[in-house]
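Below are the chains, spelled out letter by letter.
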Amino acid sequence: MSDKNKVAIITGGTRGIGYGIATCLANKGFDIVIASTNEKAAQTSAAAIAKEAGVEALGIACDVTQQVQIDAMIEQTLTHFGQIDILVNNAGICPFVDIMEIDEAVFRKTLDTNLTGAFLCTQRVARKMISREKGGRIIFITSLCVNVAGATLGDYAASKAGMHMLMKSFAIALGPHGITCNAVAPGMILTDMTRHHWEKPENAEFIKGRVPAGRIGTPEDIGNAVAMLCSDESSYINGVGLIVDGGHQTVCT
Ligand code: NDP
């Protein structure tokens, strides 16, 4: 068991933005828990991070829609590390189905994963943080869909806007315990979730014209923002949604 480093749980940290967040936090010296539905992928990603950053990292199977699995993941983390300092609610899905065609089951799954999953993980981890009396940091990975939507993003946008308000409610409830809750809202980031769209040449051109930064975002761009909100210097930032989109949403046309 390590007693020198702070411990961060990243849900859905096997790839994409979650892996970028885990890497950035590990490079700052945090020990890491990667929780995803795919145990082998979680263990492989954890091993790569441990090797690269020289921290301890565990990969644990956990479907964030299943409260029993969340409780087991938290217990396994506490048995190994003895503490939880940071939770990043990153696990998410986006089926990209038209709101007029989407099945109820698909709609419910998006809400269950993105919104209810973040609620369950936060409530359960926060209870442990409160009883430890050492504070903590909880980050919600939302989206530009907190502010804008699309015909194929109805379920997703509803889940992300819900996450944003969930974050605020937890910020109020947990602030007195020294636990801050904030959201990071990524813009357009190249990952498995979005690759099918952004790797088309015409869409790559759109990014160059539309995003003032002139490029698509990387998982590390989001990881760096999360690491900043998890730093000791950010202890008075609570209940805030930080847009990390290279300036995309500041453009008026
Ligand atoms: P990916 O599809 O690349 O990764 C999603 C991660 O979530 C995987 O690790 C996956 O692991 C995990 N996951 C999915 N369902 C569950 C579940 N039920 N329980 C636990 N883990 C789960 O997506 P991104 O990296 O692009 O997205 C990460 C987050 O960032 C999401 O919340 C997404 O909404 C958000 N986001 C992404 C943007 C983008 O442009 N890419 C923009 C704005 C927000 P596994 O399959 O092994 O369970």
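Read on for an overview of the structure. (Residues numbered from 1 in each chain as written. Predicted model: local features only at pLDDT ≥ 70, side-chain atom pairs only at ≥ 80, totals over all residues. Heavy atoms only, no water.)

### Brief notes about the pattern of salt bridges
Next up, step 1: One pass over the full model with this rule turns up 10 salt bridges.
Next up, step 2: Asp71 is the salt-bridge partner of Arg124, the closest N and O atoms lying 3.0 Å from each other. One end of the pair, Arg124, is in helix α4 (residues 104-132); the other, Asp71, is in helix α3 (residues 67-81), with 53 residues separating them in the sequence.
Next up, step 3: For Asp71, a relative accessible area of 27% translates into the label partly exposed.
Next up, step 4: Its salt-bridge partner being Asp192, residue Arg195 comes within 3.3 Å of it at the nearest N-O pair.
Next up, step 5: With a relative accessible area of 31%, Arg195 lands in the partly exposed category.
Next up, step 6: Put simply, Arg15, Asp192, Arg195 and Glu199 are held in one network by salt bridges that share partners. (Salt bridge = Lys/Arg side-chain N within 4 Å of Asp/Glu carboxyl O. Helix = DSSP H or I, 4+ residues; strand = E, 2+ residues; numbered from the N terminus. Buried < 20%, exposed > 50% of the residue type's maximum accessible area, 1.4 Å probe, protein only.)

### Thoughts on the packing of aromatic side chains
Next up, step 1: Throughout the structure, instances matching the rule amount to 3 aromatic pairs.
Next up, step 2: Between Phe119 and Phe170, the ring centres sit 6.3 Å apart and the planes meet at 25°, which makes this aromatic pair stacked. Placement of the pair is Phe119 in helix α4 and Phe170 in helix α5 (residues 154-174), with a sequence separation of 51 residues.
Next up, step 3: The class of Phe119 is partly exposed, set by a relative accessible area of 31%.
Next up, step 4: Relative to Phe170, the ring of Phe140 has its centre 6.5 Å away and its plane inclined at 25°; by these criteria the two rings are stacked. With Phe140 in strand β5 (residues 136-141) and Phe170 in helix α5, this pair connects stretches of sequence that are 30 residues apart.
Next up, step 5: Exposure remark for Phe170: the relative accessible area of 13% places this residue in the buried category.
Next up, step 6: Ring-pair connections join several aromatic residues into one group, and the members of that group are Phe119, Phe140 and Phe170. (Phe/Tyr/Trp six-rings, centres within 6.5 Å; stacked < 30°, edge-to-face > 60°.)

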